[in-house]
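Coordinates in review
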Amino acid sequence: MPISAMKQIISSQNPYIKSLILLQEKAKARKQSGTFLIEGMREIGLAIKGKYEIETILFVPEIIENFQISKFSNFQIIEISKEVYQKLAYRDTTEGIIAVAKTKSLELSDLKLPENPLILVMEAIEKPGNIGAVLRTCDAAKVDAVIIANPKTDLYNPNIVRSSVGCLFTTQIATGTSEEVIDFLIKNKINFYSATLQNSTAYYTQNYTKPTALVVGTEATGLTQLWREKATQNIIIPMQGEIDSMNVSVAAAILIFEAKRQRGF
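Description of the structure in this document. Note that the structure is predicted; figures quoted are calculated from it, not measured.

Structural notes on the sheet that holds strand 8 (residues 173-176)
What the seven strands build is an open sheet, ordered 8-7-6-11-9-12-10; its pairing is parallel. For this open sheet the edge positions go to strand 8 and strand 10 (201-202), each flanked by a neighbour on one side alone. In this sheet, strand 8 lies alongside strand 7 (residues 145-149) in parallel orientation, the contact comprising four bridges. Opposite Ala149, over in strand 8, you have Gly176 as the bridge partner.

Spelled out as structure tokens, the structure:
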């Protein structure tokens, strides 16, 4: 369909636009519809590369050029007004393009792992910004999968999409209870190392060249007892200052890149 002939929506009171605003604001709406919003050219491109199904592209012609939109000609395209875009946009800096995408299954059974996987497990991480930062690290290290145990935040929260700068779409992700995740790791003969203060040894003393999962918890409370008891080994990042914990994204990065170093990157 020619760009000039496509559908236009100029009012934020349009029922379809109201439904999209709910997707930005409510996890329940995202769960019920099985859809969420992606903002930005790079993020949309990574979602498509990650085989996310795009339903609709919405754009503001005063902000983004038609020739940039033409690459999305396989999808439904809707031209929207600046007023509508300001209601939908989550970021302060804007590119004038938003996609409506379908969520993916997050079942552990859907993970496709190589023979010698490196996995990052996060238990009960609540802050979307921390999850996004960890996903960026996992993309940088090309981790084979990220598993979120006992998730406290909807994975398609717009702040996770934003803070991960699209890395939400570049790594396999699954969720489950801690019990389910531990059973999955044991069944697949994956050693797992729990980052915790209790009964721990320095992280760099362990061998991560075999199938490995690195497990991190919240900065405030750490990992639950189950992870400490079932771990192949509890590990700790030695610290020389006054505090005994660091941001989870920093801790995850230290552990992941030590494993990558041992594996010869």
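Back to the text.
Things to note about the pattern of salt bridges
Per the stated rule, a full pass over the model turns up three salt bridges. Residues Arg261 and Glu258 are paired through a salt bridge, measuring 2.8 Å at the closest nitrogen-oxygen approach. With Arg261 and Glu258 both in helix 10 (residues 248-262) and three residues apart, the pair spans about one turn of that helix. The exposure class assigned to Arg261 is partly exposed, which follows from its relative accessible area of 48%. Given the relative accessible area of 10%, Glu258 is considered buried.

Observations concerning unusual backbone geometry
With a phi close to 55 degrees, Ala124 is a non-glycine residue in the positive phi region. Mapped onto the elements, Ala124 comes out in the loop between strand 6 (118-123) and helix 6 (128-140). Even without being a glycine, Asn199 presents a positive backbone phi close to 50 degrees. A relative accessible area of 70% means that Asn199 is categorised as exposed.

A few points about the pairing of strand 12 (residues 233-236)
In this sheet, strand 12 lies alongside strand 9 (residues 191-195) in parallel orientation, the contact comprising three bridges. Bridge pairing in strand 12 links Ser194 to Asn234. Pairing of strand 10 with strand 12, which is carried by two bridges, proceeds in the parallel orientation. Within the sheet, the bridge partner assigned to Ala202 lies in strand 12 and is Ile236.

Observations regarding the packing of helix 6 against helix 10
Contact geometry of helix 6 with helix 10 gives a least axis separation of 9 Å together with a crossing angle of 15 degrees. Between helix 6 and helix 10, the angle falls in the class roughly parallel. The crossing of helix 6 and helix 10 is right-handed. Along its contact with helix 6, which presents Asn130, Ala133, Val134, Thr137, Cys138 and Ala140, the element helix 10 presents Val248, Ser249, Ala252, Ala253, Ile256 and Phe257.

Section: the sheet that holds strand 5 (residues 97-102)
Judged by pairing direction, the sheet is mixed, and its five strands sit side by side in the order 1-4-3-5-2 without closing on themselves. The sheet terminates laterally at strand 1 (7-9) and strand 2 (35-39), the two strands that pair on one side only. This sheet shows a mean twist of 25 degrees between the axes of neighbouring strands, independent of strand direction. As defined by bridge partners, strand 1 adjoins strand 4 (residues 76-80) across three bridges and the pair is classed as parallel. Counterpart to Ile9 in the pairing with strand 4 is Ile80. In this fold helix 1 (residues 15-25) packs onto strand 1, strand 2, strand 3 (54-59), strand 4 and strand 5, with an angle of close to 85 degrees to the strand it touches most, strand 2.

How each quantity is defined
- Residues numbered from 1 in each chain as written.
- Predicted model: local features only at pLDDT ≥ 70, side-chain atom pairs only at ≥ 80, totals over all residues.
- Heavy atoms only, no water.
- Pairing = 2+ DSSP bridges.
- Helix = DSSP H or I, 4+ residues; strand = E, 2+ residues; numbered from the N terminus.
- Salt bridge = Lys/Arg side-chain N within 4 Å of Asp/Glu carboxyl O.
- Buried < 20%, exposed > 50% of the residue type's maximum accessible area, 1.4 Å probe, protein only.
- Axes fitted to C-alpha atoms, helices over the stretch in contact; angles between N-to-C directions.
- Parallel < 35°, antiparallel > 145°, perpendicular 65-115°, else oblique.
- Left-handed = near helix turned anticlockwise from the far one by under 90°.
- Contact = heavy atoms within 4.5 Å.

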